[in-house]
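# Close look at the chain arrangement
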Amino acid sequence: MSLHEDLIFLILQFLDEENLKETAHILERETGIFFDMKYFEGLALSGNWDEVERYLSGFIKVKDNKFSLKIYFEIRKQKFLEALDNHDGPKALSILVNDLKVFAPYNEDLYKEMTQLLTADDFRKHKSLTTYRDTNCARIIMVNELKKIIEANPLFHGKLKFPNIRSQRLRRLINQSLKWQHVFCSQPQRDPVMKTLFVDHFCKPQGNHSVVNNPPTSEVGSAPVPTSPSSCTSRPTTVTHSAVTTGTVGLCVLRNPAETLEELQDSESLSKTGSYKIWDEVTSGTTNPGQGQSSVFRLHDDFPKVVQKTLNEGSSPVSMDFHPVQSTLLIVGTNVGDIGLWEVLSGDKLLCRSFKVWDIGACSTIFKAAMVKNPSVSVKRIRWSPDGSIFGVAYSKHILQLYSYSGASDVRPKLEFDAHVGGVNDLAFCVPDEKLLVISCGDDKMVKAWDAVSGVKIFTFEGHEASVCSVLPHNKERIHFIFSTSMDGNIKAWLYDNLGARVDFDSPGRWCTTMAYSDDAKRLFSCGTNKDGESFLVEWNEAEGSLKKIYQGLRKPSIGVLQFDTANNQFLVVGDDHLIKIWDMDNLELLTTIDADGDLPASPCVRFNKEGTLLAVFSNGNGIKILGRDSCPKLQQGSECNFLASSSLSEILSKLSISQISSVGSTGIEDGSVPVNEGTRNLENVKPILIEEANMKISNIYYNPQFQFLSLPAKTNKNGLTEGTVRKSEVVSSLIYNNAGDSILALGSNANYVVWKWPQNDFNMSGKATTTKIPPQSSKPIGRPRLIGDYSTRTKPADSVACFVYSKHDSYGITTSGGKISVFDMLTYKKIVSFMPSPPMATSLALSPQNGTILAVGLDDSTIMIYNILRDEVKSKIKGHFEKITGLGFSEVLNVLVSSGADAQIVVWNSDGWERLNSRSMQIPDEGPPPSNIRIQFHQDQIQFLAVHDTCLAIYEAKKLECIGQWVTGKSSAQISHATISSDGQLVYATFLDGTASVFNTPNFHLQCRIDFNACILDIRNEVYPVVVAAHPKNPNQFAVGLSNGGIHIFEPLNL
């Protein structure tokens, strides 16, 4: 069920509670979402035939199927017989000619017999109507028959049962929204007065203490700033009904930016506010140009203000971007279509490429004609992907190109798009739903989203009335969206769907504008220039949906369109008036300017590296100046930093990760209540690995691998439970990361559990699980030692199978350990509901990613139950195995469910009707143990999946069940205890009963490295072995293992 349907059900409930019955039935008919059987029965029993058919018309038509045909025939036949019973010949004739004639082609003989009844004295004498007694009895019999037909009609499936909704639910949601809005009031009052729902609530200030006065109700406009989904209301004039249906992002009501602009410009409350913790005021000195009357400040030594190097690109640079990992690597695009890759501190140019169309045959005739007319092409924008493995180049004519980057000068063409008609003005990368997309915009007034791996166009966003000049993808509270700005100053916000812009508003200046978030994604800024040359640098108040600050000190009028950047969650930098102008984010006044030894253009492009330690700025004469710290000597070619130019990307990442270890190893607490980082170790005793494949012994010798790992310690408390692991000496039977990748849950065989969560702070900006930055904290609430429903009296806990799955957005978890299946709120760890008691006992769980309400439950009696959690009902029970179910997995791409069983069978089911599509037996070595436990896990592409048995690993293509690759342990190898596939689908992590783990590539299963836990983990006994392994959902090089003694350890091999 979609949120659109949820909303309609809430409205129906509200109408019923308000006794607006007729209105509710009209809504039911117009939406076709719920068929009120009782209302239908009442209409039919009262003989209100016109209303009966009018109500039915919202759900079915006469010729939809045989069931619909039968329903309409029975109704109209009853009308006809009642007219005959009342001796109303003309009415009966009219019904026969106008209503029943549509059924004549299906049964001409029956229609003729009904025609003959018009002349009969008593229609009851007809052999098929002898049981007709009176009108009321006939109607009751007809209604009972119709109910059976309606229930059998597939067009009514899912529409006959009203969801179980708590009373006054819509009112409760509105009250929650109002309370949430009140939280964001700049001056919340103790007893707020809320008189309207037409605009967002705000508390009127009692004095002149706020930055921006809240507007009166009549002045409230609209513009998008995503916040909590329940806290905001979209503008009626621009948000269609479909915008409400998604229910995934709230777009707050904003003030009219022009009105806010006037208020801020006249306000003195912010003129001299803010404190400067790293700025030293200079009592003497001259005021820099453009600085006005503000004080002169000396930048702290850490700020990059001294020119360290000047690069000469050869043609005029127009766009640049620092590598997100290799912080001294700069990619540059020029006005003649060239791209250059620089190691900025050494001054080495690693790469130079000129513009070239890779596949002219795939380009449009419009592009070909434009190139014939004028072959000159300029770069418009160049950007790195989040991990630095890809960069994209947007050109002034149609083309968007993606290059793959593997280190040093290893740059290769990846994908080419004929993306837009005219110029491609901007591009940006984003990762919604764990899929790398590239967003582009152009002169054709469109914004498009492309799959950066396959090249397929995913979305097209239309609605701008002018060329789109910039895009800004972002996510807030796991809600992904895109801001886009057009040349008329219009800013729109889009979700990743094809339902149109959620809201739109005008930027200050109403012309070319770019937007950017601070590094911590908590503050939103924009910079733009209007046609008259007036520029605006502003901060948006996301909570109130208004302009929060307008920074002072820009040249009036500006020369050209200004560009800006942010750094360290503190600085705003703009190239303006041949200078680099700097603001502290918390102060309106210009702090200082840097001339970078002069020779800057009027409006130079500026760009920080990720750490904010380097600042690049365009200079005249095709130059790029690199500014660094004052205390950093100018580095010459051949410096230590030059290793970046000659190393592969994997080597760089390894060195960067290792260099951070020393500062993290001391973060543990002596009493063992937080994890202790074990640092980086070399495995001294790693020996050559012998692999037996296809009866051929292939000797593969690997160098001693390096890795980082984090041990989650076992500390027993007074209740006998361990903090950081499950119960002491209890086997970790299930280990799983949440989908966000910021926490990990361990579930013991007796349902004891613990959740570790990594905090988001200055040491760990992403908040994701890591071994090198900051240790996690245990988040198990006091008094809730078990994450499980009630045990069945017939099932022993020791015999149970512990299963756990997260919902798509981690809001709830589903678990079972032999008893009922239970749903838990993962914020409070409180049980929401339990269902399906054993026996039979659940042995495997899988949650459909499409809507998050369909749960597949594998049972020990070899059946699979398809359960609708929201409706608390079993949708289907499917059979196809002969032994217990051991593995389940959904593919949203293929729309299938794949199951595996202890019978070695793998079965593919259609997830619409649950029909069996395909099946095959997994190839188990003859000398291996019986197929007791085959597990499956889908690849990232959701087309292939990994199958795991005690003696072999295999990759299958799901639709045809073709085995793409297989690895067998061999006679001399230990059995496999568990295996999982990495988040990018390139690696398989497998653990073995001899206390080791192996990392293979896919699908060929070539061994990458092998880890001996006895050698690398302190205080571990030889009989301890890994039981389960879990792969991080975002970081493909991180995995966690749960041991047979209850220990949990997280690993990051560095040289994969």
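Residues numbered from 1 in each chain as written. Predicted model: local features only at pLDDT ≥ 70, side-chain atom pairs only at ≥ 80, totals over all residues. Heavy atoms only, no water.

With that settled, consider the sheet that holds strand E7 (residues 329–334). Spatially, the four strands line up as an open sheet ordered E6-E7-E8-E9, and their pairing is antiparallel. Two strands bound the open sheet, and with one partner strand each, they are strand E6 (317–322) and strand E9 (348–353). Across this sheet, the average inter-strand angle for adjacent strands is 20°, counted without regard to direction. When strand E8 (residues 339–343) meets E9, the two strands line up antiparallel, connected through five bridges. Looking at the pairing, Ile339 lines up with Arg353 of E9. (Pairing = 2+ DSSP bridges. Helix = DSSP H or I, 4+ residues; strand = E, 2+ residues; numbered from the N terminus. Axes fitted to C-alpha atoms, helices over the stretch in contact; angles between N-to-C directions.)

So, on to the pattern of salt bridges. Taken as a whole and judged by the stated rule, the model has 23 salt bridges. For Arg412, the salt bridge is made with Asp410, and the minimal N-O distance between the two is 3.0 Å. Residue classification places Asp410 among the partly exposed residues on the basis of a relative accessible area of 28%. Through salt bridges with shared partners, one network takes in Arg523, Glu539, Lys549 and Asp586. (Salt bridge = Lys/Arg side-chain N within 4 Å of Asp/Glu carboxyl O. Buried < 20%, exposed > 50% of the residue type's maximum accessible area, 1.4 Å probe, protein only.)

If you add up the space inside the second largest pocket, you get close to 800 Å³. Contributing to the lining of the second largest pocket are 27 residues, with His157, Gly158, Asn868, Arg871 and Lys875 lying nearest its centre. Of all the elements in the fold, those that place two or more residues in the lining of the second largest pocket are helix H1 (3–17) and strand E50 (873–879). When residues in the lining of the second largest pocket are grouped by element, the largest group, four residues, is from E50. Residues belonging to the lining of the second largest pocket are distributed by class as follows: nine nonpolar, 10 polar and eight charged. (1 Å grid on protein atoms, 1.4 Å probe; cavity = no way out; pocket = protein on both sides within 12 Å on 5 of 7 lines; lining within 4 Å. Points joined across faces, edges and corners; volume = space filled by probe spheres on them. Nonpolar A, V, L, I, M, F, W, Y, C, P; charged D, E, K, R; others polar.)

Further remarks concern the pairing of strand E40 (residues 743–748). Looking along a regular strand, one sees side chains alternate from face to face of the sheet. The buried fraction of E40 is high, at six of six residues. Burial of the side chains of E40 extends over both faces: Ser743, Leu745 and Leu747 are buried on one face and Ile744, Ala746 and Gly748 on the other. Connecting the antiparallel pair strand E39 (residues 732–737) and E40 is a turn made up of five residues, with Gly741 showing a positive phi of about 80°. The sheet contact formed by E40 and strand E41 (residues 753–757) spans five bridges and is antiparallel. Following the sheet pairing, Ile744 is matched in E41 by Trp756.

Here Lys556 and Pro557 are connected by a cis peptide whose omega angle stands at -10°. Of note, the phi angle at Gln168 is positive, near 60°, even though the residue is not glycine. Position of Gln168 relative to the elements: it lies in the loop between helix H8 (135–152) and helix H9 (169–183). With a relative accessible area of 31%, Gln168 lands in the partly exposed category. Despite not being glycine, Asn568 shows a phi value in the positive range, around 55°. Within the element layout of this structure, Asn568 appears in the loop between strand E26 (564–567) and strand E27 (571–576). For Asn568, a relative accessible area of 35% translates into the label partly exposed.

This brings us to the packing of aromatic side chains. Under the defined criterion, the tally for this structure stands at 35 aromatic pairs. Look at Trp358 and Tyr403: their rings are 5.1 Å apart centre to centre, the planes differ by 90°, and that puts the pair in the edge-to-face class. Here Tyr403 lies in strand E12 (residues 399–405) and Trp358 lies in the loop between E9 and helix H12 (365–373), a separation of 45 residues in the sequence. On the numbers, 5.2 Å between centres and 70° between planes, the contact of Trp384 with Phe391 is edge-to-face. For the pair formed by Trp384 and Phe391, the shared burial category is buried. Following the ring pairs from residue to residue traces out a cluster consisting of Phe35, Tyr39, Phe40, Tyr55, Phe59 and Phe156. Its end group placed over the ring of Phe992, Arg1010 keeps NZ or CZ at 5.3 Å from the ring centre. (Phe/Tyr/Trp six-rings, centres within 6.5 Å; stacked < 30°, edge-to-face > 60°. Lys NZ or Arg CZ within 6 Å of the ring centre and 35° of its normal.)

Remember that the coordinates give geometry; whether it matters functionally is a separate question.
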